[in-house]
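Chain and residue survey
Chain by chain, the residues:
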Amino acid sequence: MAESLVAGVDSSTQSTKVVLCRAADGTVVAEASAPHPDGTECHPDHWWSALSHARELLERADAVAVAAQQHGMVALDGTGEVVRPALLWNDTRSAPQARALVEELGGAKAWAERTGSVPVASFTVTKLRWMAENEPANARRTERVMLPHDWLTLRLGASEPVTDRGDASGTGYWSPAAGAYLPDLLRAALGRDAATPRVAAPGEKVGETSWGAALGAGTGDNMGAALGLGLRPGDVVVSIGTSGTAFAVADEPAADASGLVAGFADATGRFLPLVATLNAARILSAAAAMTGATLAELSALALAAEPGAGGVTLLPYLDGERTPDRPDASGVLAGLTTANATRENVARAAVEALLCSLADAVDHLAAQGVRPRRTLLIGGGARSEAVRALAPAILGTPVTVPEPAEYVALGAARQAAWALAGTPEPPAWPAPPATEHTSDRTAADVRARYAALRDAAPEI
Ligand SMILES: Nc1ncnc2c1ncn2[C@@H]1O[C@H](COP(=O)(O)OP(=O)(O)OP(=O)(O)O)[C@@H](O)[C@H]1O
Ligand SMILES: O=C(CO)[C@@H](O)[C@H](O)CO
């Protein structure tokens, strides 16, 4: 009999990526990708057409699962039609609604205790409130609310609308600790009740595709990456994609009333405390545009500068920021003089700023009891040599860089293999090859200058 193949999908902010793997050990046999339109809202049909580019590859799979960007609001009417383009995790228009919901419904501590997180503009619940206030006709038409991966899974053939613990935990109306929806919060946001997808068990088969492949439940992209990397206790992942995230697997749910750490669930039945930033890999693309360099040239420029960038510091909140919660912020380039205003220093400041912002994220996890023994660096930004070289000193731990791969899609593929196997635990796939990076210097001075700028410019 031919060996089983499984496909994993990462429907992320900027593109769809698909991997086809051997179910037995996760070896990748084929890959495909297609871009999404730019922007912070997107009609789900674009995700479907990007996925359809990989149709031939998908049809070779005996099982499929979809991981996707978390939080996106997919509102459907009574016939299943999409009511408006999905508002994505990086759309900050619902920041005032986030503040109002937190205030109306008991304050930050109460939200953290009930939902594991204090909602900011990224969370689905705040987007529902924005729609209710600004597009009342769309809110009235909305009968069902889903997330990007739920919608794609249904379209691929799920036997009913279904989600998983991981993605449900980013809605703001599901409790990771209780494993249950909180319909009063959804109603308070939307102004009416709406149907929500059933939360599947980890490893469950939730339906079949039109070509007869088993469908796994799917999950959010960060939960997918955790599954694709096979995280162990003491591992902290720092992912540099469109978003920056720092997360770790935990046995107990988190409830951080400061709102810095989101108390998500993972895709295996455990928990995934996570800190997310709005600005990550795009800090490097913006710096590349500023210096007229390619990404590879930007990395070389940054490595040619001295640590500390000659005193140039970037506060990288280019598109507003989520952690810290400054949705209206913009970037600040500080400390420029005629002596230090070089392309090298601007490039270095960008790389240092990206890593300082993520080092802050790791500190927030540590404040919630996560004890990082090593940091795994993944995502498109980890392809930058300068990022890999500067990371150990700025993050303050040894850094393991797994070989560049689509870890979110691989996690979804592992989930598909799990649904196919029907076993209590996911199949054991070997850990990816990785390089280890250490540093004999610390970057306390770089972090201190960054912190001073961050704290001096809270309203910018
Ligand atoms: N060599 C490189 N140097 C710097 N940045 C890079 C490099 N290669 C890719 N990137 C950046 O990585 C980003 C894409 O990363 P990734 O695929 O992890 O993001 P994503 O999955 O779209 O985002 P998210 O997971 O946050 O939704 C792009 O912004 C791209 O510019
Ligand atoms: O908003 C978050 C996490 O809370 C992002 O990481 C998105 O999942 C997009 O990748």
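If you're wondering where the values come from, they're calculated on a predicted model, not measured in any experiment. (Residues numbered from 1 in each chain as written. Chains lettered and ligands numbered in written order. Predicted model: local features only at pLDDT ≥ 70, side-chain atom pairs only at ≥ 80, totals over all residues. Heavy atoms only, no water.)

1. Examining the site of ligand 1
Let me state the cut-off plainly: One heavy atom suffices: a residue is near a molecule or strand as soon as one of its heavy atoms comes within 4 Å of it. Polar contacts, as used here, are pairs of N or O atoms within 3.5 Å; protein pairs need one atom able to donate a hydrogen and one able to accept it. Residues neighboring in sequence count only if both atoms are side-chain atoms. Computed with the Shrake-Rupley method and a 1.4 Å probe, the accessible areas treat only the protein chains shown as cover for residues. Only protein atoms enter the calculation, which uses a 1 Å grid: trapped sets of points that fit a 1.4 Å probe without letting it out are cavities, open sets showing protein on both sides within 12 Å along at least five of seven lines are pockets, and any residue with an atom within 4 Å of a point is a lining residue. Cavity and pocket membership follows a simple rule, namely that a molecule belongs there if more than half of its atoms are within 2 Å of the grid points. Here a strand is any run of E in DSSP of at least two residues, a helix any run of H or I of at least four, and the numbering for each starts at the N terminus.
In the vicinity of ligand 1, 17 residues are found, and the nearest of them are T13, K17, T242, S243 and G380. Between ligand 1 and the protein, one listed contact pairs an oxygen atom with a side-chain N or O atom of T242 at 2.9 Å. Between an oxygen atom of ligand 1 and a main-chain N or O atom of S243, the distance comes to 2.8 Å. For ligand 1, whose free accessible area comes to 660 Å², the fraction covered by protein is 80%. According to the grid-proximity analysis, the pocket containing ligand 1 is the largest pocket. A per-element tally of the shell around ligand 1 places helix α11 (residues 281-291) first, with three residues.

2. Points about the nonpolar core
Soluble globular proteins: nonpolar side chains tend toward being buried together. Condition: Here the nonpolar core consists of buried residues drawn from Ala, Val, Leu, Ile, Met, Phe, Trp, Tyr and Cys, with membership extended through side-chain atoms lying within 4.5 Å. Here's how the labels work: a residue is buried when its accessible area is under 20% of the maximum for its type, exposed when over 50%, partly exposed in between, all with a 1.4 Å probe on protein chains only. Contact between two residues is taken to exist if any of their heavy atoms lie within 4.5 Å; hydrogens are not considered.
Residues V6, L128, M131, L231, F247 and L272 are the most contacted members of the largest nonpolar core, which totals 58 residues. In terms of residues, this core owes the most to one element, helix α15 (residues 407-421), which gives eight residues. When neighbours within four sequence positions are excluded, M131 is seen to be in contact with M73, A75, R84, P136, N138, A139, T142 and L190. Counting residues in hydrophobic clusters, the runner-up holds 54 residues, among them A288, A293, A393 and L453.

3. Looking at the pairing of strand β13 (residues 205-208)
Remember that side chains alternate between the two faces of the sheet whenever the strand is regular. Note the cut-off: Here, any two strands with at least 2 DSSP bridges between them count as paired.
Two strands pair when backbone bridges link them, and β13 and strand β14 (residues 214-216) are joined in this way by three bridges, in the antiparallel orientation. Bridge pairing links G207 to L215 in β14. Where β13 folds back onto β14 in an antiparallel hairpin, the turn is made up of five residues, including G212, whose phi is positive at roughly 90 degrees.

Limitation: the analysis is restricted to geometry and does not speak to function.
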